[in-house]
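Here is what each chain is made of, one letter per residue.
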Amino acid sequence: MALLEIRNLTKQFGGLTAVDHISFSVEEGEILGLIGPNGAGKTTIFNLITGIHTPTEGEIFFNGHRIAHSPLGARKIITPVWWLQWVPVQSVRERWDQLRTLRPHEITELGIARTFQTIRLFKNMTVLENVMAGVHRRTRAGVWGAIFRPPAQRKEEAFIVKEAEQYIHFMGLAEYRDELAKNLPYGHQRRLEVARALAARPRLLILDEPAGGLNEQETLELMDLIRQIRDSGITVLLIEHDMKVVMGICERIVVLDYGKKIAEGTPEEVQRNPRVIQAYLGEEEM
Amino acid sequence: MGNLMERLRRIPLAWQVGLLALAILLPLPLNDYYRAVLWRTGIYAILGLSLNIIVGYAGLFQLGHAAFYALGAYTSALLNLHFHIPLVLTWPISILVAAFFGYLISRPILHLRGDYLCIVTIAFGEVVRLALVNNIFGITGGANGLSGIDQTVLFGITLRSPLHHYYLVLFFLVMTLLAVRRLENSRLGRAWMYIREDETAAEAMGVDTTWAKLLAFVLGSGWAGLAGALYVARIPVVSPDLARFIESVVMFCIVVLGGTGSIPGVFVGTLGMITLPEIFRFLKTWRDAWMGVAMVTMMIARPEGLWPSRRIRMEIREEE
């Protein structure tokens, strides 16, 4: 079974169809590239997967869970009936679970972590604190733990720091541990975003243009890191404009144009596909 | 001066013990009037610290905080008047009632942003005040409020003098301070800061933003309820004036004046908004005018507050 399965996904913003009946799936352990010209709907798909948007039509399955769907515009129905979740009748609660769409943090909880196209770090917090955000979903302390600091909570806090440091080290940011995120050079900010996402220990890592704005050297290092991440057992789904990156590390590629899927296959197949060449690679010397 | 501050920062324990000793010894040479002023300062510092959780840490606007203060006070007063429960035992109930209302009001409006949230909280503050004025359920005593509340008896000692009440408030203030500081440096405190910095990114990293914001509201409201109960412990009369809009504004100013999200800032703010106006009472109405001038000047010259938290100063200065 595929790790992530997108079925007939559609998203309309007013009259604009950003994503138009798209289906594809991501297999466990692969690196899948999502490419297409600007405005093809790539980032919208990522936002649909991570629960920031709700689909107009279609469904997304992750690891057997339905993480996005649209029963009659779920959000509109749900706002007035959120109290249904507390009705102590099994069938009512099951109905509630079918109605509602998962919230972004619940999707992260299931094992999907992402980075953003426009870097969205917690700018005025340190590198360590940023990566600690990733460990948040794997820990539990609440008010009680915060105020009374029982031993379990102290241990958890130490665990959070240790975990975060591990990923800071992995992404080669150890020397910046206590630096504010906004003071890092651009390339390192990109890395920090990946470190933060990895700290959530996802099964699926979603990267939105990870090489955007990086120089040659940084890009090569990043490609190497992405391969290492995959080898450690994490499935990678990425959007990228840099063809060297896409052709270099992706095992499979899905090509979008104007919200529609126009091709899918290995890098070689995609490069030979006439529709892709016409829509996307036409002007380049591929 | 700067050098001294630097040195004080390096020995935080001595600094804290010194301040605590000062707080304990300060009222001794003063007369009862100034002791009462200090008591008021303590109450508002607790209110400021509680509002700081909502406004400072989680970055949510709350301009109806006085409503929870009043709810705490009325709960304590009503339980004492009708059921003759000793005041001390009503305190936890006051906290719970205020926290419950905090939950009730914030749950449906959490998805609102900035200014919209602000309007709803103002409206809630007014609803509470008008409900109290209109003698809701016939128990709140209308515009005159309630009187005839018992004196506080703590461990067999009746608290009579302003000095007793000052120490009572000081005790709770220190407790509040410890709790708030621990909250700030915890998983929950970080979750609030992630939300304040970038809510979308926080959600994407798996922070349950509804959970974190609700807790900010519930904790802040409950703590305001405690302040209300402490008010009743000294003043045996409660009236709807406690929930006036201007009270909420003063609390908001305490947080903003000193520096949003900063614990020392709350104390500076309380000093500026409560203690100094009280001491300069002889200036009469000029007092309010100077207050206004000072506020405007400060917002232009130093928008991050008088003693800002390191982080917030950067957030504000960045936008310029």
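Residues numbered from 1 in each chain as written. Chains lettered and ligands numbered in written order. Predicted model: local features only at pLDDT ≥ 70, side-chain atom pairs only at ≥ 80, totals over all residues.

> How do you make sense of the overall build of chain A when you look at a structure like this?
Each helix and strand in chain A was counted, giving 12 helices and 10 strands. Its C-alpha atoms give chain A a radius of gyration of 20 Å, within 12% of the compact-globule value 19 Å for 286 residues. Oriented by its inertia axes, the alpha-carbon framework of chain A measures out at about 65 × 55 × 35 Å. A burial count over chain A gives 41% of its 286 residues as buried. (Helix = DSSP H or I, 4+ residues; strand = E, 2+ residues; numbered from the N terminus. Rg over C-alpha atoms; globule rule 2.2 N^0.38 Å. Buried ≥ 20, exposed ≤ 12 C-beta atoms within 10 Å, placed from the backbone.)

> What am I meant to see in the overall build of chain B here?
Across its full length, chain B holds 14 helices and two strands. Relative to the compact-globule value of 20 Å for 320 residues, chain B shows a C-alpha radius of gyration of 20 Å, a close match. Once the C-alpha set of chain B is aligned to its principal axes, its extents read approximately 55 × 50 × 40 Å. Of the contacts formed within chain B by residues at least 6 apart in sequence, a portion of 78% connects residues at least 24 apart. (Contact = placed C-beta atoms within 7 Å.)

> Got a minute to help me understand the sheet that holds strand E8 (residues 235–239) of chain A in this structure?
In sheet architecture, strand pairing relies on hydrogen bonds along the backbone and comes in two forms, parallel and antiparallel. All names here are of chain A. Ordered in space as E6-E7-E8-E3-E9-E10, the six strands form an open sheet in which the pairing is mixed. Across the chains shown, the open sheet's two edge strands, defined by having one partner strand only, are strand E6 (112–114) and strand E10 (260–265). Ignoring which end each strand starts from, the neighbouring axes of this sheet average 20° apart. Both strand E7 (residues 204–208) and E8 contribute to a ladder of five bridges, which runs parallel. Each residue of the ladder has a partner; that of Leu207, found in E8, is Leu238. (Pairing = 2+ DSSP bridges. Axes fitted to C-alpha atoms, helices over the stretch in contact; angles between N-to-C directions.)

> For this particular structure, what's the right way to read the sheet that holds strand E5 (residues 65–68) of chain A?
Residues and elements named next belong to chain A. If you trace the four strands from one edge of the open sheet to the other, you get E2-E1-E4-E5, paired in antiparallel fashion. Each edge of the open sheet carries a strand with a single partner, namely strand E2 (16–26) and E5. Averaged over all neighbouring strand pairs, the angle between strand axes comes to 30°, with direction disregarded. Note that strand E1 (residues 4–13) and E2 share seven bridges and pair antiparallel. Bridge assignment links Leu4 to a residue of E2, and that residue is Val26.

> Help me out: how do you make sense of helix H8 (residues 186–199) of chain A in this one?
Three or four residues apart is the spacing at which side chains of an α-helix point the same way, because the helix has 3.6 residues per turn. Residue and element names in this part refer to chain A. Here H8 spans 20 Å end to end across 14 residues, near enough to the 20 Å set by a 1.5 Å rise per residue. Listing the buried residues of H8 in full gives His188, Arg190, Arg191, Leu192, Glu193, Val194, Ala195, Arg196, Ala197, Leu198 and Ala199. Positive phi shows up at Arg201, right after H8, with a value of about 45°. (Expected span 1.5 Å × (residues − 1).)

> What am I meant to see in the nonpolar core here?
Note on soluble globular proteins: their nonpolar side chains tend to be buried together. Counting residues in hydrophobic clusters, the biggest one holds 164 residues, and the most contacted among them are Ala195 and Leu205 of chain A together with Ile46, Ala70, Ala73, Ala216 and Ala227 of chain B. With sequence-adjacent residues up to four places away left out, Ala216 of chain B is seen in contact with Ile53, Ile54, Tyr57, Ala58, Leu60 and Trp192 of chain B. (Core = buried A, V, L, I, M, F, W, Y, C linked by C-beta atoms within 7 Å.)

> So what exactly am I meant to see when it comes to the interface of chain B and chain A here?
You'll often see interface size given as the accessible area lost when the parts meet. Across the boundary between the two partners, chain B contributes 28 residues, which contact 28 residues of chain A. Counting residues per element, the ones that place at least two in the side of chain B that touches chain A are helix H7 (162–184), helix H8 (187–197), helix H9 (199–204), helix H10 (209–234) and helix H14 (310–318) of chain B. Residue classes in the side of chain B that touches chain A are distributed as 14 nonpolar, five polar and nine charged. (Nonpolar A, V, L, I, M, F, W, Y, C, P; charged D, E, K, R; others polar.)

> Can you help me understand helix H7 (residues 151–170) of chain A in this one?
All names here are of chain A. For H7, spanning 20 residues, the distance from its first C-alpha to its last is 29 Å, which sits close to the expected 28 Å at 1.5 Å a residue. Every buried residue of H7 is accounted for by Gln153, Ile160, Ala164, Tyr167 and Ile168. End-on, the buried residues of H7 take up no more than an arc of 105°, which puts them together on one face. Among the exposed residues of H7, those oriented more than 90 degrees off its buried face are Pro151, Ala152, Arg154, Lys155, Ala158, Lys162 and His169. Residues of H7 that are buried make contact with helix H5 (127–135), helix H6 (143–148) and H8. Two residues or fewer past H7, Gly172 is found with a positive phi of approximately 70°. (Arc of directions from axis to C-beta.)

> Would you explain the pairing of E7 of chain A in this entry?
Every other side chain in a regular strand lies on the same face of the sheet, so the side chains alternate between the two faces. Residue and element names in this part refer to chain A. Summarising burial for E7: five of the five residues are buried, a large majority. Every second residue of E7 is oriented toward a common face, with Leu204, Ile206 and Asp208 on one face and Leu205 and Leu207 on the other, all of them buried. Across three bridges, the pairing between E6 and E7 is parallel. Counterpart to Arg114 in the pairing with E7 is Ile206. Handedness of the E7-helix H9 (residues 216–231)-E8 crossover: right-handed. (Right-handed = clockwise from strand over helix to strand, strands pointing away.)

> In this structure, what is going on with the environment of Pro29 of chain B? I would like to understand it.
Mapped onto the elements, Pro29 of chain B comes out in the loop between helix H2 (12–25) and helix H3 (32–57). Residue Pro29 of chain B is classed as exposed on the basis of its 7 C-beta neighbours within 10 Å.

> Explanation requested: unusual backbone geometry in the structure shown.
Outside of glycine, negative phi angles account for most residues, and trans bonds account for most peptide bonds. Residue Glu209 of chain A is not a glycine yet carries a positive backbone phi of 50°. One can find Glu209 of chain A in the loop between E7 and H9. With 20 C-beta atoms packed within 10 Å, Glu209 of chain A lands in the buried category. Despite not being glycine, His84 of chain B has its phi angle at roughly 55°, a positive value. Along the chain, His84 of chain B turns up in the loop between helix H4 (65–83) and helix H5 (87–106).

> Is there a simple way to explain the packing of H5 of chain B against H10 of chain B in this structure?
How two helices sit against one another is set out by the angle between their axes and by the gap between those axes. Residue and element names in this part refer to chain B. Running from amino to carboxyl end, H5 crosses H10 at an angle of 145°, the nearest separation of the two axes being 7 Å. Considering how the two elements wind past one another, H5 and H10 form a crossing that is right-handed. Tallied by class, the residues present in the contact of H5 with H10 amount to 16 nonpolar, nine polar and no charged. (Left-handed = near helix turned anticlockwise from the far one by under 90°.)

> Before we go on, may I ask you to explain the confidence of the model for chain B in this structure?
Low pLDDT means the predicted coordinates in that region are not meant to be read closely. Residue and element names in this part refer to chain B. Within chain B, residue pLDDT values average 85, and 93% of them lie at 70 or more. Here helix H1 (residues 2–10) stands out as the element of chain B with the lowest mean pLDDT, 56, in contrast to H10, whose mean of 93 is the highest. Two numbers describe this predicted complex: its pTM, 0.86, and its ipTM, 0.87. (pLDDT = per-residue confidence, 0-100.)

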